[in-house]
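Spelled out, the chains give:
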Amino acid sequence: MPATIIDGNAVAQQIRDEVRREIDVLRARGIDPGLAVVLVGDNPGSVSYVRGKTRDAEEIGIRSTTIRLPERTTQEELLHVVGGLNADPKWHGVLVQLPLPPQISESTVIAAVSPGKDVDGLTPVNVGRLFRGEPALISCTPHGVQELLMRSGNDPAGKHVVICGRSNLVGKPLAGLLMQKAPGGNATVTICHTGTRDIGAFTRRADIVVAAIGRPQAVTADMVRAGSVVIDVGVNRIPDATKKSGARLVGDVDFDAVAQKAGAITPVPGGVGPLTRAMLLANTLIAAKGGPGSVD
Ligand code: L34
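Computed from a predicted model, the values in this text were never measured in an experiment.

### A look at the nonpolar core
Argument step 1. One finds Val-19, Val-145, Val-210, Ile-231 and Val-233 to be the most contacted residues of the largest nonpolar core, which totals 45 residues.
Argument step 2. At 10 residues, the largest contribution of residues to this core is made by helix α10 (residues 272–288).
Argument step 3. In this structure Val-233 touches Thr-141, Val-145, Val-170, Val-210, Ala-211, Ala-212 and Val-272, once residues within four positions along its chain are discounted.
Argument step 4. Among the nonpolar cores identified, the runner-up in size contains 14 residues, and Val-38, Val-82, Leu-85 and Trp-91 belong to it.

### Overview of the sheet that holds strand β11 (residues 264–265)
Argument step 1. Pairing in this open sheet of 6 strands is parallel, and the strands run β1-β11-β8-β7-β5-β6 from one edge to the other. A single partner strand is all that each edge strand has here, and the edge strands are β1 (4–5) and β6 (188–192).
Argument step 2. Taken together, the 5 bridges between strand β5 (residues 160–164) and β6 define a ladder with parallel strand orientation. Across the sheet, residue Val-162 finds its bridge partner in β6, namely Thr-190.

### Regarding empty space enclosed by the protein
Argument step 1. For the structure shown, the criterion picks out 1 cavity of 30 Å³ or more.
Argument step 2. By volume, the largest cavity is sized at about 30 Å³.
Argument step 3. The wall of the largest cavity is formed by Val-94, Leu-95, Val-96, Ile-110, Val-113, Asp-118, Asp-120 and Leu-122.
Argument step 4. Among the elements that make up the lining of the largest cavity, the one with the highest residue count is strand β4 (residues 93–96) (3 residues).

### Quick notes on the sheet that holds β4
Remark on secondary structure: sheet strands pair via backbone hydrogen bonds, oriented parallel or antiparallel.
Argument step 1. In spatial order, the strands read β3-β2-β4; together these 3 strands make up an open sheet with parallel pairing. Whereas interior strands pair on both sides, the edge strands pair on one side only; in this sheet they are β3 (63–69) and β4. The average angle at which neighbouring strand axes cross in this sheet is 15°, direction not considered.
Argument step 2. One ladder, built from 4 bridges, connects strand β2 (residues 34–40) with β4; its direction is parallel. Residue pairing in the sheet places Leu-35 in a bridge with Gly-93 of β4.

### Let's talk about unusual backbone geometry
Argument step 1. For the bond running from Leu-98 to Pro-99, omega is 5°, close enough to zero to count as cis.
Argument step 2. Mapped onto the elements, Pro-99 comes out in the loop between β4 and α4 (106–112).
Argument step 3. Here the amide bond leading from Val-268 into Pro-269 is cis, since omega sits at -5°, within 30 degrees of zero.
Argument step 4. Here Pro-269 shows up in the loop between β11 and α10.
Argument step 5. In this structure, Asn-186 takes a positive phi of about 65° despite not being glycine.
Argument step 6. Among the secondary structure elements, Asn-186 is positioned in the loop between α7 (171–179) and β6.
Argument step 7. Of note, the phi angle at Gln-217 is positive, near 55°, even though the residue is not glycine.
Argument step 8. Within the element layout of this structure, Gln-217 appears in the loop between β7 (208–211) and β8 (229–232).

About the thresholds
- Every chain is numbered independently, its residues counted from 1 as its sequence is written.
- Given that the model is predicted, a residue must reach a pLDDT of at least 70 before its local features are reported, and side-chain atom pairs must reach 80 or more before they are shown or counted; all residues, however, enter totals for whole chains, interfaces and linings.
- Each side-chain value is derived from all of the structure's non-hydrogen atoms; neither hydrogens nor water enter the calculation.
- As used in this record, nonpolar core signifies buried Ala, Val, Leu, Ile, Met, Phe, Trp, Tyr and Cys residues forming a set joined through side-chain atoms within 4.5 Å.
- Accessibility here uses a 1.4 Å probe with only protein chains present; expressed as a share of the type maximum, an area under 20% marks a residue as buried, one over 50% as exposed, and anything in between as partly exposed.
- Helix and strand assignments follow DSSP, with helices taken as H or I runs no shorter than four residues and strands as E runs no shorter than two, numbered in order from the N terminus.
- We call two residues contacting when some pair of their heavy atoms lies within 4.5 Å.
- Pairing between two strands requires that DSSP report at least two bridges joining them.
- Here a cavity means grid points, on a 1 Å grid over the protein atoms only, where a 1.4 Å probe fits yet cannot get out; a pocket means an open set of points with protein on both sides within 12 Å along at least five of seven lines; lining residues are those with an atom within 4 Å of a point.
- Grid points are joined across faces, edges and corners, and a volume is the space filled by probe spheres set on the points.
- With axes taken as lines fitted to C-alpha atoms, and helix axes fitted only over the stretch in contact, angles between N-to-C directions fall between 0 and 180 degrees.

Written as structure tokens, this is what we have:
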């Protein structure tokens, strides 16, 4: 039997509705939540994702701005922009879209974002808090994967989750989140990466496979157990002459074949991507309320 398709757009809409209700309450109290996004260069993926983020924000009553800087921007210039946003009380959330051009150190810039405004949950402070089980702004894609699992009836508690990929953006924080002794956690987590011998031997034993590799269609049907849940975090633009843009978006999973075998699967587009954007709104709400763990 073919897999159930997990509808990321529908789950994201649910979350946006919930966040919007709370934004309305904040605004009635005189707080006007604001999100500042910094985009360096014109990577077509980044331009599209950032446009989606700010459009979603405006739609639910979060003020937003996108600061666009040229590809040749220096690290010093970018740090100056981030410093200005940190200091400006108009902006509750500050996000620097990745990747950054090669002359800039991503880790230096990310670490410069004020932890209380780090709605991407990528600063060392927030990642550290997440791993320690303390209140934190949680990075958007991992948090989105967790919400997608929970809201599609696939609670990871007690399950074996095999994550393919060890990036700071997805693999590592997702492992921290799903192993946490907390609702939405309690999974047994294995991380596979480029140093893993025979990734399929691990993924075939998984209840839940998360593909966050960054390589188109890398997870094939022979790598998944029948009935398992497959979450595709990949966003790869591959050439396609039949498209007006000359490219199309595919995930890290060989969708057509894996969907014949898995129990449930997320599509690309329309899977994890919309959740990444929705969790950014949720984090901006938390930041505007005074941070995670604050009492309202
Ligand atoms: N700092 N950099 C920072 N934070 C992030 O959370 C990200 N990420 C990743 C890349 N760089 C980042 C994103 O925003 C990936 N990502 C992201 C965000 C949104 C979407 C995809 C990736 C998305 O909206 N995807 C849509 C399709 C959009 C399209 O067609 O271009 C989808 O349905 O999957």
